[in-house]
Amino acid sequence: KIVITKKANEQGHLYDGVDAAEIAEKAGIPEDAVRIEKPFKDLGTFEVPVAFGEQFGKLTIEVVAE
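From a predicted model like this one, the values you see are computed outputs, not experimental measurements.

Visitor: Go over the overall build of the chain, please, and point to the residues and values.
Guide: Regarding its fold elements, the chain presents one helix and five strands. Tracing the chain from N to C terminus, the helices and strands come up as β-β-α-β-β-β. Compactness check: the chain gives a C-alpha radius of gyration of 12 Å against a globular reference of 11 Å for 66 residues, within 12% of the reference. When the backbone C-alpha atoms are referred to their principal axes, the chain occupies close to 40 × 20 × 15 Å. Taken over 66 residues, the chain has a buried fraction of 27%. Taking as baseline every contact in the chain between residues at least 6 positions apart, the subset at least 24 positions apart corresponds to 34%. For the chain, the accessible surface area stands at approximately 4600 Å², while carbon and sulfur atoms represent 47% of it. Within the chain, the 13 negative side-chain charges are centred at a point lying 2 Å from the centre of the 8 positive side-chain charges.

Next comes the structure, spelled out in structure tokens:
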């Protein structure tokens with residue numbers, strides 16, 4: 001499980017989305033291994049598919065407010 005802290009408004013929407021590059025940096029994997037269609041823009045817990053060489057799996061990402 002990876003926790004990412006971002007600034008958010010009172011409704012839980014992020015001012016700056018969480019993209020594949022940020023997830024990859026926190027997980028210590030190449031950016032192209034993270035398989036998301038668009039950045040996350042809300043607080044919450046997300047399952048992120050990853051593919052690294054012959055290996056496939058999921059990371060759990062929790063986006064929390066600062």
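Text resumes after the structure shown.
Visitor: So what about the pairing of strand S4 (residues 44-52)? Which residues, and what values?
Guide: Inspection of the sheet shows S4 paired to strand S5 (residues 55-65) by nine bridges, in the antiparallel sense. Within S5, the residue paired with Phe 52 across the bridge is Gln 55.

Visitor: An account of the nonpolar core is requested, with residue identities and associated values reported.
Guide: Formed by Ile 2, Ile 4, Leu 14, Val 18, Ala 20, Ile 23, Ala 24, Val 34, Phe 40, Val 48, Ile 61 and Val 63, the largest nonpolar core amounts to twelve residues. For this core, the secondary structure elements donating two or more residues are strand S1 (2-6), strand S2 (13-18), helix H1 (20-27) and S5. For this core, the element with the most residues is H1, which contributes three residues. Leave out the neighbours within four places in its chain, and Ile 4 touches Val 18, Glu 22, Ile 23, Lys 26, Ile 61, Glu 62, Val 63 and Val 64.

Visitor: Lay out the packing of aromatic side chains with the relevant residues and their values.
Guide: Overall, the coordinates contain one aromatic pair when judged by the stated rule. Taking 4.2 Å as the distance between ring centres and 20° as the angle between the ring planes, the aromatic pair formed by Phe 40 and Phe 46 counts as stacked. Looking at Phe 40, the relative accessible area reads 15%, which means it is buried.

Scoring rules and cut-offs
Residues numbered from 1 in each chain as written. Predicted model: local features only at pLDDT ≥ 70, side-chain atom pairs only at ≥ 80, totals over all residues. Heavy atoms only, no water. Helix = DSSP H or I, 4+ residues; strand = E, 2+ residues; numbered from the N terminus. Rg over C-alpha atoms; globule rule 2.2 N^0.38 Å. Buried < 20%, exposed > 50% of the residue type's maximum accessible area, 1.4 Å probe, protein only. Contact = heavy atoms within 4.5 Å. Areas by Shrake-Rupley, 256 points an atom, 1.4 Å probe, with all protein chains shown as cover. Lys, Arg positive; Asp, Glu negative; His and termini not counted. Charge placed at Lys NZ, Arg CZ, Asp CG, Glu CD. Pairing = 2+ DSSP bridges. Core = buried A, V, L, I, M, F, W, Y, C linked by side-chain atoms within 4.5 Å. Phe/Tyr/Trp six-rings, centres within 6.5 Å; stacked < 30°, edge-to-face > 60°.

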